[in-house]
Amino acid sequence: MKNFAYVKARSIEEAARELGSPGARLHAGGTDLLGCIHDEVIGVDKVVSISGLTALRGISPGPGGGLRIGSLTTISEVAANPTVGRDYAVLAQAARDVASPQLRNQGTIGGNICQRPRCWYFRGDFHCAKKGGELCYAMDGENQYHAIFGGGPSFYVHPSDTAVALAALQAQLVIQGPGGSRTVKMGDFFIEPIQDLTKENVLAPNEIVTEIQLPPAGSGLRTSYRKIRARQAWDFAMTSVALALQTEGGRIARASVFLGGVGPFPWRAAAAEKLLAGKTLDAALAAAAGKAATEGASPLRENAYKVDMVRGAVEESLLAFV
Ligand SMILES: Cc1cc2nc3c(=O)[nH]c(=O)nc-3n(C[C@H](O)[C@H](O)[C@H](O)COP(=O)(O)OP(=O)(O)OC[C@H]3O[C@@H](n4cnc5c(N)ncnc54)[C@H](O)[C@@H]3O)c2cc1C
């Protein structure tokens, strides 16, 4: 492994400053970063660790009755937090579904949403389009786990479970850089491969996600997370569904339906959301919404099964609320 400098930042400002030099990489829990460095998926000259910044850790009440989650809060802490479990069940379930207990104890929620894609060409010894090459090898290669939505010029899928839940909850991220902080909605955080293949989100190299803000969970909010993976031990989602239904008097006032494992970022099933809004949920509506969630899917040679998986997973998730 290539030698690199190591800085343990004593403040967010120091971390942002250190991250300004070329080849600097931010380290939180390190469960993804160190693998990427070891496997030479990314280059590195300096690792800047924010792991000692305790101010970035913990879950507390947010403005107007919402919740703040510090970006260094571990995934285990998110999964076990009673308020998250009671008011934001979709996030608690997504956190429980991440990886293994050891990885949940070490990995942070900030690192979970910023982790790099798991595409085997990107992670492997291939000079693929995402690493500056000319081809996305998934287009004609082994593409059973790749994108059915939003693919091209690269077909990687976003790997995070918690990001899908946070998108459904319409969370916001507080981001700090050398010039101060800004707030970005989850829906605006990720970028399309066509915008910039070298990164997955709007972060500049010297910007740090410091906090996640959840809006107040009003009464009538019903949420769930369902993850389908190839095996029941730790594994990434082949497909996942995060639902957040705002109900009023037995009717769905507003639906938020996001899919994981099928696109380059948490994929909004807008047609399903539109269909559900204003209606009373029953089996026929759940089936129709499942079908609507597949609208716009464009499978590759080996992943058409994901279209059926999305349809079934959305339908099943909705049926649990009937
Ligand atoms: C075997 C295995 C199985 C896994 N299975 C799953 C799974 O099923 N579901 C799932 O969701 N994940 C899974 N993961 C991913 C794992 O959850 C992530 O590695 C972990 O959440 C990353 O958190 P971290 O704190 O260790 O991040 P790090 O490894 O420290 O960082 C990850 C990336 O995010 C950046 N980063 C970290 N924190 C911030 C921040 N605050 N602001 C800006 N950038 C930041 C880093 O620079 C780096 O690029 C798996 C990982 C492994 C190794």
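Report follows, based on the coordinates.

### Quick notes on the sheet that holds strand β3 (residues 46-49)
Phase 1 of the analysis: Taking strand neighbours across the sheet as the criterion, the 3 strands line up as β1-β3-β2 in an open arrangement whose pairing is parallel. Only two strands of the sheet have a single neighbouring strand rather than two, namely β1 (5-8) and β2 (24-27). The sheet shows a mean angle of 20 degrees between the axes of neighbouring strands, taken without regard to direction.
Phase 2 of the analysis: Pairing of β2 with β3, which is carried by 4 bridges, proceeds in the parallel orientation. Residue H27 lies in a different strand from β3, and its bridge partner there is S49.

### Overview of the pairing of strand β7 (residues 180-185)
Phase 1 of the analysis: Relative to β7, strand β6 (residues 172-177) is paired through 6 bridges, and the arrangement is antiparallel. Among the inter-strand pairings, Q172 is bridged to a residue of β7, identified as K185.
Phase 2 of the analysis: In textbook terms, the turn of a hairpin is the stretch between consecutive antiparallel strands, and for β6 and β7 this stretch comprises 2 residues.

### Some remarks on the environment of E134
Phase 1 of the analysis: As for its position among the elements, E134 is in the loop between α8 (120-123) and α9 (161-168).
Phase 2 of the analysis: Judged by its relative accessible area of 82%, E134 is exposed.
Phase 3 of the analysis: Separated by 19 residues in sequence, E134 and P153 have C-alpha atoms that sit 9.6 Å apart.
Phase 4 of the analysis: Once you skip the residues sitting within four places of it in the chain, E134 turns out to touch H127 and A129.

### Considering the packing of aromatic side chains
Phase 1 of the analysis: Inspection of the entire model under this criterion finds 7 aromatic pairs.
Phase 2 of the analysis: The interplanar angle of 65 degrees and the centroid separation of 5.6 Å between the aromatic rings of W120 and Y145 together place this pair among those described as edge-to-face. Taken together, the positions of W120 in helix α8 and Y145 in the loop between α8 and α9 put the pair 25 residues apart, joining distant regions of the chain.
Phase 3 of the analysis: A relative accessible area of 36% places W120 in the partly exposed class.
Phase 4 of the analysis: Judged by relative accessible area, Y145 falls into the partly exposed class, the value being 37%.
Phase 5 of the analysis: For the pair F189 and F190, a centre-to-centre distance of 5.0 Å together with 75 degrees between the ring planes defines the contact as edge-to-face. A single burial state applies to F189 and to F190, both of which are buried.
Phase 6 of the analysis: What links up through ring pairs into an aromatic cluster is the set Y121, F126 and Y137.
Phase 7 of the analysis: The ring of Y156 is capped by K130, whose NZ or CZ atom sits 4.4 Å from the centre of that ring.
Phase 8 of the analysis: Across the ring face of W234, the terminal group of R231 is positioned such that the distance to the ring centre comes to 4.8 Å.

### Quick look at the site of the ligand
Phase 1 of the analysis: Neighbouring the ligand are 33 residues, the closest being L26, T31, L33, T108 and D161.
Phase 2 of the analysis: At 2.7 Å, a side-chain N or O of D161 approaches a nitrogen atom of the ligand.
Phase 3 of the analysis: In this structure, V209 approaches the ligand through a main-chain N or O atom, which is 2.9 Å from a nitrogen atom.
Phase 4 of the analysis: Those elements giving two or more residues to the shell around the ligand turn out to be β2, α7 (109-114) and β8 (208-214).
Phase 5 of the analysis: It is α7 that provides the largest number of residues to the shell around the ligand, a total of 4 residues.

### Quick look at the environment of A80
Phase 1 of the analysis: Looking at the secondary structure, you find A80 in helix α3 (residues 75-80).
Phase 2 of the analysis: Of the residues examined, A80 reaches a relative accessible area of 61% and is grouped as exposed.
Phase 3 of the analysis: Residues A80 and A92, 12 residues apart in the sequence, show an inter-C-alpha distance of 7.3 Å.

### Structural notes on the side chain of E273
Phase 1 of the analysis: Tracing the chain through its elements places E273 in helix α11 (residues 270-276).
Phase 2 of the analysis: Not counting residues up to four positions away in its chain, the partners in contact with E273 are A255, S256, V257, F258 and R268.

Cut-offs applied
Residues numbered from 1 in each chain as written. Predicted model: local features only at pLDDT ≥ 70, side-chain atom pairs only at ≥ 80, totals over all residues. Heavy atoms only, no water. Pairing = 2+ DSSP bridges. Helix = DSSP H or I, 4+ residues; strand = E, 2+ residues; numbered from the N terminus. Axes fitted to C-alpha atoms, helices over the stretch in contact; angles between N-to-C directions. Buried < 20%, exposed > 50% of the residue type's maximum accessible area, 1.4 Å probe, protein only. Contact = heavy atoms within 4.5 Å. Phe/Tyr/Trp six-rings, centres within 6.5 Å; stacked < 30°, edge-to-face > 60°. Lys NZ or Arg CZ within 6 Å of the ring centre and 35° of its normal. Near = heavy atom within 4 Å. Polar contact = N/O pair within 3.5 Å; in protein donor to acceptor, adjacent residues only side chain to side chain.

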